[in-house]
Each structure stands twice: as C-alpha cells, then as structure tokens.
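Here is what each chain is made of, one letter per residue.
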Amino acid sequence: MESPLKRSRGTDGADHLAQLRTPCYVVDAAVARANAARMRKRAEAMGVALRPHVKTHKTLEGGEIQTAGTKRRIVVSTLAEARFFAEGGFDDILYAVPITADKLAEAAELLARLTAFHVMVDHPAQVEALLGHPPPDGRRWSIVIAVDCGYHRDGVDPDDVDSVQLAWSIADSS
C-alpha cells in the first residue's frame, strides 16, 4: 500500500513532499490523531492515565494531539522542553530524567509556575538534594522514582531492598 504522504500533491500537481530538504519532520496528522486516540483508549481500558512523551516531536500541536487538547499529563526529557510546553499552556509535566542538583533551581521555578510539575529520582543523593532545596511558597516536590525495566540506563532495581528504602525515604520526608 502506498503511503498517503507519497500521494500528496499540490494543486499544481507537483510532489511538494519530494521537494522538502532533509532532514525534515513530516507528520500525517490524520494518522497521528488516530494513533493518539488509540493509545488513550487503550490506557482508559486498562484503568491508567496516559502520560505521553513529547521529546520526539517537540511541538505544541503534537502535544495537543497526544492529550486530546487537554494540555495535561506530558513527559519531557529536558527542562528546556518543560519550559517550552509550559509557555504553550501545558501543565502537569513530568521531567523524566533523574534530577541533578544543578537543575533544582530551574525545576523549582517550573513547580512554582505550574499546577503540577514532577521530578524523577533513582538515587538517594537526588532525594537529599531535593530535600535540601525546598520549593518556594510552601509547595512540595512531586517525586517519581525511576524503575529500571531491564535497559540498565536509569532507574532503581525493583528487586533491590535499597530501592524500597529510597521510596521510604521519600515518604518519610513528606
């Protein structure tokens, strides 16, 4: 089956897609909307909230498609992405890279600005840094523990007792 993108022609009959310089980000919006709707439906059927990652497209339009226009519950990989989406009206943002001490001031600014901003940890030193840098205005850090699902890049080992201790240290701090 031929891709709908390959069949796309301008009113002058020219294949404008072929004239684009590469690399170039091209999206079939109908396919993206259908895929996003399917993922939302699957998540709902499983009784979980979908939190789509926006690091690939990095566009407000893509985020709106993924969230069905709610502009809530997204995942980012950089604080620059978090700022960009916050400035675009998005809220409830998870910074899904274990936070480092040098990023706490910027993360605190996002927490103060948004209704919900979450940071990720996978080590006790990160929790200690968060506790040593309380956010302004009586806000509290929303902390997510990264769990290693087998790729061994980030996250705690779910079978290690130290992982449970990390969760208890977060719970005890609240």
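Above this note sits the structure.
Remember, predicted model here, so these are calculated numbers, not experimental data. (Residues numbered from 1 in each chain as written. Predicted model: local features only at pLDDT ≥ 70, side-chain atom pairs only at ≥ 80, totals over all residues. Heavy atoms only, no water.)

**So, the overall build of the chain**
Right, on to step 1. Looking only at helices and strands, the chain has 7 helices and 4 strands in total.
Right, on to step 2. Ordered by position in the sequence, the α and β elements of the chain form the string α-α-α-β-α-β-α-β-α-β-α.
Right, on to step 3. In terms of overall dimensions, the chain is more spread out than a globule: its C-alpha atoms have a radius of gyration of 20 Å, far above the 16 Å expected for 174 residues.
Right, on to step 4. If one aligns the C-alpha atoms of the chain with their principal axes, the spans along those axes are about 65 × 35 × 30 Å.
Right, on to step 5. For the chain, the residues scored as buried account for 30% of the 174 residues in total.
Right, on to step 6. Look at the contacts in the chain between residues 6 or more apart in sequence, and 48% of them connect residues 24 or more apart. (Helix = DSSP H or I, 4+ residues; strand = E, 2+ residues; numbered from the N terminus. Rg over C-alpha atoms; globule rule 2.2 N^0.38 Å. Buried < 20%, exposed > 50% of the residue type's maximum accessible area, 1.4 Å probe, protein only. Contact = heavy atoms within 4.5 Å.)

**Looking at the pattern of salt bridges**
Right, on to step 1. Scanning all chains against the criterion turns up 7 salt bridges.
Right, on to step 2. Of the charged contacts in the structure, one is a salt bridge between K71 and E64, with a shortest N-O distance of 3.7 Å.
Right, on to step 3. For K71, a relative accessible area of 22% corresponds to the partly exposed category.
Right, on to step 4. For E64, a relative accessible area of 34% corresponds to the partly exposed category. (Salt bridge = Lys/Arg side-chain N within 4 Å of Asp/Glu carboxyl O.)

**Overview of the nonpolar core**
Burial of nonpolar side chains together is a common tendency in soluble globular proteins.
Right, on to step 1. Counting residues in hydrophobic clusters, the biggest one holds 26 residues, and the most contacted among them are V76, I93, I99, F117 and W141.
Right, on to step 2. Elements with a minimum of two residues in this core: β1 (72-76), α4 (79-87), β2 (91-98), α5 (104-113), β3 (117-121), α6 (124-131) and α7 (161-173).
Right, on to step 3. The element that contributes the greatest number of residues to this core is α5, accounting for 5 residues.
Right, on to step 4. Excluding residues that lie within four positions of it along the chain, F117 makes contacts with L79, A82, I93, Y95, A107, L110, L111 and S142. (Core = buried A, V, L, I, M, F, W, Y, C linked by side-chain atoms within 4.5 Å.)

**A look at the packing of α4 against α5**
Angle between the axes and distance between the axes are the two parameters that describe a pair of packed helices.
Right, on to step 1. In the contact formed by α4 and α5, the axes pass within 11 Å of each other and the chain directions differ by 20 degrees. The pairing of α4 with α5 is recorded here as roughly parallel in orientation. As α4 packs across α5, the resulting crossing turns out to be left-handed. In this structure, α4 uses L79, A80, A82, R83, A86 and E87 to contact α5, whose residues at the interface are E106, A107, L110 and R113.
Right, on to step 2. Grouping the amino acids of the contact of α4 with α5 by side-chain chemistry returns 6 nonpolar, no polar and 4 charged. (Axes fitted to C-alpha atoms, helices over the stretch in contact; angles between N-to-C directions. Parallel < 35°, antiparallel > 145°, perpendicular 65-115°, else oblique. Left-handed = near helix turned anticlockwise from the far one by under 90°. Nonpolar A, V, L, I, M, F, W, Y, C, P; charged D, E, K, R; others polar.)

**What to know about the pairing of β1**
In the case of a regular strand, side chains alternate between the two sheet surfaces.
Right, on to step 1. Inspection of the sheet shows β1 paired to β2 by 4 bridges, in the parallel sense. For V75, the partnering residue across the bridge sits in β2 and is L94.
Right, on to step 2. One crossover worth recording links β1 to the parallel β2 by way of α4, and it is right-handed. (Pairing = 2+ DSSP bridges. Right-handed = clockwise from strand over helix to strand, strands pointing away.)

**Things to note about the sheet that holds β2**
Right, on to step 1. Judged by pairing direction, the sheet is parallel, and its 4 strands sit side by side in the order β1-β2-β3-β4 without closing on themselves. Every interior strand has two partners, whereas the edge strands, β1 and β4 (142-145), have only one. Neighbour-to-neighbour, the strand axes of this sheet turn through a mean angle of 25 degrees, independent of strand direction.
Right, on to step 2. Running over the sheet, α6 touches β2, β3 and β4 and is turned about 140 degrees from β3.
Right, on to step 3. The strands touched by α7 are β3 and β4; relative to β4, the strand with the most contacts, the crossing angle is about 175 degrees.

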